[in-house]
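Close look at the chain arrangement
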Amino acid sequence: MKIVKKISLLRKDLTLLRRKGGRIGFVPTMGYLHEGHLSLVRQAKKDNDIVVVSIFVNPLQFAPNEDFRHYPRDLKRDAKLLKGFCDILFAPSSDELYRKDFCSSVEVKGTDEALCGLSRKGHFTGVSTVVAKLFNIVLADNAYFGRKDAQQAAVIKKMVSDLDFPVKVHVLPIVREKDGLAMSSRNTYLTIEERRQAVVLFQALRSAERMAAGGIRDSAKIRQALEDFIGHTPSARIDYIEIADARTLAPLARIEKDALLLLAVYIGKTRLIDNTLLKVKKLAVTSGY
Ligand code: AMP
């Protein structure tokens, strides 16, 4: 595996590989890798000839009061984890990606008005801007994202469709710890006691799945039940609980077809997100006999 820090060198390497007919798979990350990231890299390896992973903690997607400075970083550790799956690790500096006079952005409209966008104004414009840049640099055939960041995946898909980026976006399942907590680099912020209590997100999702499977269609009823459930966890503070169309993420008052339940919950000072598909059982069609 080669570690590349300069855009020009990465482009040079990839041009050569592309000329040989290699298909390029790309996994953008902020590093401090875990099994969730590695599941994307493994799939990329299966589908492509060359795998590029980027590690870049993108300042544009953090608000001034957020954890940009404290976000965990360990390139050596990440490089070790990627050996065997990844061909090129692209780890640019901030100055390399954002030159002094950088003043452009890519905005998928409306992202600040829903879900994570409401409490993280400007976050998704930061995400779409950096991903657009990375897509233009890597020119991958396939790009891989996790379903854990469902709104991010929806924003990227919309950007790719609206702006005709020539890349296929794959969104892969959430990888969880043994007790169900979704893997996240931010889990490292949790104290031992908070880590124990963080499982409440997963338990809430499971109880909502049971309610939906049991025939409850009223989103408000499910949301209220989850508020009560999560409310019993001392270190938890709800940012949002939303039931939304699985494709557009538009809020749904009633669950008539499979819907996405999305949560953002602070555990102590750490904001965690998770989601699950609420499946609606189709009524059995009886033949009349
Ligand atoms: P991040 O480093 O947090 O920006 O994440 C990089 C990519 O990994 C994103 O597409 C995330 O959705 C994905 N990812 C993060 N956590 C998980 C997880 N637990 N399971 C699957 N994918 C994940």
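Residues numbered from 1 in each chain as written. Predicted model: local features only at pLDDT ≥ 70, side-chain atom pairs only at ≥ 80, totals over all residues. Heavy atoms only, no water.

Our focus in this paragraph is helix α6 (residues 123–138). Residues three or four positions apart in an α-helix share a direction because the helix packs 3.6 residues into each turn. In this model, α6 (16 residues) spans 22 Å end to end at C-alpha, consistent with the 22 Å of a helix rising 1.5 Å per residue. Most of α6 sits out of view: 15 of its 16 residues are buried. Looking one or two residues beyond α6, the residue adopting positive phi is Leu139, at roughly 50 degrees. (Helix = DSSP H or I, 4+ residues; strand = E, 2+ residues; numbered from the N terminus. Expected span 1.5 Å × (residues − 1). Buried < 20%, exposed > 50% of the residue type's maximum accessible area, 1.4 Å probe, protein only.)

Right, let's talk about unusual backbone geometry for a bit. The residue Leu139 is not glycine, and still its phi comes out positive at about 50 degrees. Tracing the backbone shows Leu139 in the loop between α6 and β5 (142–146). You can call Leu139 partly exposed: its relative accessible area is 44%. Even without being glycine, Asp164 reaches a positive phi, approximately 55 degrees. Tracing the chain through its elements places Asp164 in the loop between α7 (150–162) and β6 (168–172). On the basis of relative accessibility, which here comes to 62%, the residue Asp164 falls in the exposed class.

Using the criterion set out here, one finds 7 aromatic pairs in the structure. Seen in terms of ring centroids, Phe26 and Phe135 are 6.3 Å apart; in terms of plane orientation they differ by 70 degrees. Their pairing is edge-to-face. In this pair, Phe26 sits in strand β2 (residues 24–29) while Phe135 sits in helix α6, placing the two residues 109 residues apart along the sequence. By relative accessible area, Phe26 is classed as buried at 0%. The exposure class of Phe135 is buried, given its relative accessible area of 4%. One aromatic cluster is present, built from ring pairs that chain together Phe26, Phe135, Phe145 and Phe165. (Phe/Tyr/Trp six-rings, centres within 6.5 Å; stacked < 30°, edge-to-face > 60°.)

In this structure, Leu10, Val52, Leu97, Val131, Phe135, Val138 and Ile156 are the most contacted members of the largest nonpolar core, which totals 43 residues. Tallying contributions element by element places α6 first for this core, with 9 residues. Domain assignment of the residues forming this core places at least three in each of domain 1 (2–172) and domain 2 (185–278). Each residue touching Val138, except ones within four places of it in the same chain, is listed here: Leu10, Leu14, Arg18, Ile24, Phe26 and Val52. (Core = buried A, V, L, I, M, F, W, Y, C linked by side-chain atoms within 4.5 Å. Domains from an automatic or database assignment. Contact = heavy atoms within 4.5 Å.)

Okay, the sheet that holds strand β8 (residues 259–267) next. The strands that make up a sheet pair up through hydrogen bonds in the backbone, lying either parallel or antiparallel. Here 3 strands make up an open sheet; going across it, the order is β7-β8-β9 and the pairing antiparallel. The open sheet has two free edges, formed respectively by β7 (236–245) and β9 (270–278), since each of these has just one partner strand. When the angles between neighbouring strand axes are averaged without regard to direction, this sheet yields 15 degrees. Inspection of the sheet shows β7 paired to β8 by 9 bridges, in the antiparallel sense. When the bridges of β8 are listed, Ala236 appears paired with Ile267. (Pairing = 2+ DSSP bridges. Axes fitted to C-alpha atoms, helices over the stretch in contact; angles between N-to-C directions.)

In short, the description is geometric, and any link to function would need to be established separately.
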